[in-house]
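# Coordinates in review
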Amino acid sequence: MHSIVLLVHPEKVRASSIDYRRTFGLGGMALLLFVMQAITGILLRFVYEPTPVGAYDSILFIKQEVVFGNLVRNIHHWSGMLIVVIVFLHLLRVFYTQAYYPPRRFNWAIGLILLVIVILLNFTGYLLPWDQLSYWAVTVSTNMLEYVPVIGGWLQRAIRGGEEVSGPTLLIFYNLHTGVLPLALLILLVFHFWKVRRAGGVIVPASKSKKKNEMIPAIPHLLEREVAAGLALMAFVLLLSVFINAPLLDRADPAFSPNPVKAPWYFSGVQELLLHFHPGIAVFGIPFLVAIWLFSFPYMKPEKRSAGVWFYSVKGRKIVVTAAVTSFFLTTAAVICGEFLIDFRRWLPALPEVVSNGIIPLIIWGILLFAMGLFIKKRFHAGRTEMQLWIFTFLTIAYIVLMFTGIFFRGEGMALQW
Ligand code: HEM
Ligand code: HEM
C-alpha cells in the first residue's frame, strides 16, 4: 500500500500544500469519480445490450431484476453528472490560482483535452438508455454539427453512422463510451499526474513562514486528507443514488418528438446561443474563438508572479467580482432583448443571415467587450493576468447564464418562460 501511494505522491510534501483551501481536493475527486464510473460501467456492461431493440429492455432489466442493478445504474448516472461539475470546478481552481504558467502550462492544455473527453463520455453515455429523453437530446445535439463549416455534414453522418440517430449510432456511441474514450482518458490522466509531479506538486504561494515551508511526509498527512475527502464524496454519491433514481422516460420513438427537445444540460448554453445567432456562429464561430483563447493565453509572457494566490491580488478579486456581476446582468438582458426586441434578420433583410444575424451581432459584442475591457484596465490599472481574470470570469458567467436559461427558462417551442 505504501509503495502504491508513493507512485502518485512524493515521499514528502510542503506543509502548506495539504491545506484543503489550496485545491479543495477537486482533482482527486475527479479521479475517484472516474474510478467509480469504470467499476459501475463494467458491471453495467454485463447486462446492457447496445441495440435499439434490446437497449431499453436491458435498462429495465437492470432496474427491476438485477440485484442492486438500480443502485449501480444510479451511481453511474449521478457520478457521471457530478464528474462534469467537479472537473469544471477543478479547472476554475487551476485558473484562479494561475497554475497554468510554466512549468504547468502544458498540463493546462492536457487538462482542456481531459475536459472535452469527460464531456464526450457523458454525452455518449446519455444515448445508451435509448429512451425519449436520450434519443432526442442526442438528435438535437448532433443536429448542431451540421453547421460546422466544410466538414459539418460529413462529421454528422460519421458520428451518427448514417443520416439519422439509429442502430449504428447506438453501436458507435457504445464503443466510444466503453472503449475508446475511457482508454484515452486513462492514458492522458497518467500523463497529467506525471506532469503534476514533475512540476514539484501543486502550486503553493511563496511564503516566508518556516512552518508553511516545512516538508512533511505524504503518508499519513496528505493521505489522511485524501481518504477523508474521498469517503465524503462516496457517501454523497451513495445517498444521492439511494434516494433519487436516474431518469428513464418512455422507449425512444423516432417518429414522435417531444416539445421542447433539449440538449443535455452542459450543451444547453450552445443550444441557447443558437436561438440568438446564426447557427454557424453559435455552433462553430464562438466556441472556436473561445477554445483558441483558452489554449493560448498561458503562452503569454507571465508578469510579476504571485502564482498560487487565489485571484492573484486584491485587485484581481475586485475584477473577478465586477466581471461576474456585469456578465450576469448583461447576458440576462441580452437573452431577454434577443427574445423580444432585437431581430437583425428583420432589420437587415437584404443581407445574408450569416452576416445580419451572425457577423454583425458578433462584432457588436466584440466592440462592447473590448470597451468594457479598456474601462476595467484603466479603472483598476489592471495587469495582464488581471485582464485574463476579467475575460475568463465574464465568459464563464455568460455561459452559465445561457445554460441555466436553456435548462429552466425555455418551454414549448423553446419560447422564453418564467
Ligand atoms: C467518466 C466516465 C464516464 C461517464 C461520465 C459516464 C456517463 C454515463 C452516463 C451519463 C450514462 C447514462 C446513464 C443513464 O442515465 O442511464 C452512462 C451509461 C452507461 N455507461 Fe457510462 N460513463 C463513464 C464511463 C463508463 C465506462 C468506463 C463504462 C464501461 C466500461 C461505462 C459503461 C456504461 C454503460 C454500459 C451504460 C449503459 C447503462 C445505463 O445507461 O444505465 N461507462 N454512462
Ligand atoms: C478527469 C479530469 C481530471 C482529473 C482526474 C484531474 C486530476 C488532477 C489532480 C489529481 C491534480 C493534482 C491535485 C489537484 O490539483 O487537485 C491535478 C492538477 C492539475 N490539473 Fe487536473 N485533472 C483533470 C482535469 C483537468 C482540467 C480540465 C484542467 C484544466 C484545463 C486541469 C489542469 C490541471 C493543472 C494545470 C494542474 C496542476 C495544478 C497545480 O499544480 O496546482 N486538469 N489534476
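Thresholds applied
Residues numbered from 1 in each chain as written. Chains lettered and ligands numbered in written order. Predicted model: local features only at pLDDT ≥ 70, side-chain atom pairs only at ≥ 80, totals over all residues. Heavy atoms only, no water. Salt bridge = Lys/Arg side-chain N within 4 Å of Asp/Glu carboxyl O. Helix = DSSP H or I, 4+ residues; strand = E, 2+ residues; numbered from the N terminus. Buried < 20%, exposed > 50% of the residue type's maximum accessible area, 1.4 Å probe, protein only. Patch = residues over 30% accessible without salt bridge, like charges linked within 9 Å, V, L, I, M, F, W, Y side chains within 5 Å. Areas by Shrake-Rupley, 256 points an atom, 1.4 Å probe, with all protein chains shown as cover. Donors = N, O, S within 2.8 Å, 3.2 Å for Na, K, Ca; no water. Tetrahedral: all angles 85-135°; square planar, octahedral: opposite > 155°, others 65-115°. Phe/Tyr/Trp six-rings, centres within 6.5 Å; stacked < 30°, edge-to-face > 60°. Lys NZ or Arg CZ within 6 Å of the ring centre and 35° of its normal. Expected span 1.5 Å × (residues − 1). Bend = angle between axes of the 7 residues up to and from the residue. Contact = heavy atoms within 4.5 Å. Near = heavy atom within 4 Å. Polar contact = N/O pair within 3.5 Å; in protein donor to acceptor, adjacent residues only side chain to side chain. Nonpolar A, V, L, I, M, F, W, Y, C, P; charged D, E, K, R; others polar.

## A look at the pattern of salt bridges
Within the structure shown, the criterion is met by seven salt bridges. Here Glu272 and Arg410 are joined by a salt bridge, their closest N and O atoms 2.7 Å apart. Here Glu272, found in helix 12 (residues 268-274), pairs with Arg410, found in the segment after helix 17 (384-408); they are 138 residues apart in sequence, far enough to count as distant. We classify Glu272 as buried; its relative accessible area is 1%. Close ionic contact of Asp343 with Arg346 constitutes a salt bridge, the shortest N to O distance being 3.6 Å.

## A short note on a nonpolar patch on the surface
Together, Leu31, Val35, Ile39, Ile42, Leu43, Phe46 and Phe193 make up an exposed nonpolar region whose accessible area comes to about 660 Å². When residues in the nonpolar patch are grouped by element, the largest group, five residues, is from helix 3 (residues 26-45). Mapping Leu43 onto the fold places it in helix 3.

## A short note on the coordination of the iron atom of ligand 2
In ideal tetrahedral geometry, four donors around a metal make angles of 109.5 degrees, whereas ideal octahedral geometry with six donors gives angles of 90 or 180 degrees. Taken together, the protein ligands of the iron atom of ligand 2 are His90 (NE2) and His192 (NE2), with distances of 2.0 to 2.1 Å. Angles of 87 to 179 degrees at the metal separate the six donor atoms of the iron atom of ligand 2, which places the site in the octahedral class. Of this pair, His90 sits in helix 5 (residues 69-96) while His192 sits in helix 9 (residues 167-198), and the two are 102 residues apart along the sequence.

## Topic: the packing of aromatic side chains
Under the defined criterion, the tally for this structure stands at 29 aromatic pairs. One aromatic cluster is present, built from ring pairs that chain together Phe24, Phe95, Tyr96, Tyr100, Tyr101, Trp108, Trp293, Phe297, Trp310, Phe311 and Phe392. Taking NZ or CZ as reference, Arg225 lies 5.4 Å from the ring centre of Tyr20, over its face. In this arrangement the basic side chain of Arg379 is found over the ring face of Phe380, its NZ or CZ atom lying 5.2 Å from the centre.

## A word on unusual backbone geometry
As a rule of thumb, non-glycine residues mostly have phi less than zero, and peptide bonds are mostly trans rather than cis. The omega angle of the peptide bond from Pro102 to Pro103 is 5 degrees, so this bond is cis rather than trans. Looking at the secondary structure, you find Pro103 in the loop between helix 5 and helix 6 (105-127). Even without a glycine there, the phi angle at Val150 is positive, about 65 degrees. Tracing the chain through its elements places Val150 in the loop between helix 7 (132-145) and helix 8 (152-160). Despite not being glycine, Phe311 shows a phi value in the positive range, around 60 degrees. With respect to the helices, strands and loops of the structure, Phe311 is situated in the loop between helix 13 (279-296) and helix 14 (314-340). Given a relative accessible area of 23%, Phe311 falls into the partly exposed group.

## Points about helix 13
Between its first and last C-alpha, helix 13 extends 25 Å over 18 residues, near the 26 Å set by a 1.5 Å rise per residue. Most pronounced at Gly285, the bend in helix 13 amounts to some 30 degrees, and the proline Pro287 follows within four residues. Pro279, Gly280, Ile281, Ala282, Val283, Gly285, Ile286 and Trp293 are the residues of helix 13 that are buried. Packed against the buried residues of helix 13 are helix 7, helix 12, helix 16 (353-380) and helix 17.

## Points about the coordination of the iron atom of ligand 1
Distances from the iron atom of ligand 1 to its protein donors, namely His76 (NE2) and His177 (NE2), fall within the range 1.9 to 2.0 Å. With six donor atoms in place around the iron atom of ligand 1 and angles of 88 to 180 degrees between them, the coordination shape is octahedral. Remark: His177 occurs in helix 9 and His76 occurs in helix 5; sequence separation between them is 101 residues. Each member of the pair His76 and His177 is classed as buried.

## A look at the environment of Phe344
Mapped onto the secondary structure, Phe344 falls in helix 15 (residues 344-347). Given the relative accessible area of 16%, Phe344 is considered buried. When the C-alpha atoms of Phe344 and Ser356 are compared, they prove to be 5.6 Å apart, with twelve residues separating the residues in sequence. Residues contacting Phe344, with those up to four places away along its chain left out, are Ser356, Asn357, Ile360, Pro361 and Ile364.

## Here we look at the site of ligand 2
Looking at ligand 2, there are 26 residues lining it, with His90, Arg93, Arg104, His192 and Ile203 nearest. With respect to ligand 2, the side chain of Arg104 contributes an N or O atom lying 2.5 Å from an oxygen atom. One nitrogen or oxygen atom from the main chain of Ile203 is found 2.9 Å from an oxygen atom belonging to ligand 2. Per-element accounting of the shell around ligand 2 gives the leading share, seven residues, to helix 6. Considering only residue class, the shell around ligand 2 consists of 16 nonpolar, eight polar and two charged.

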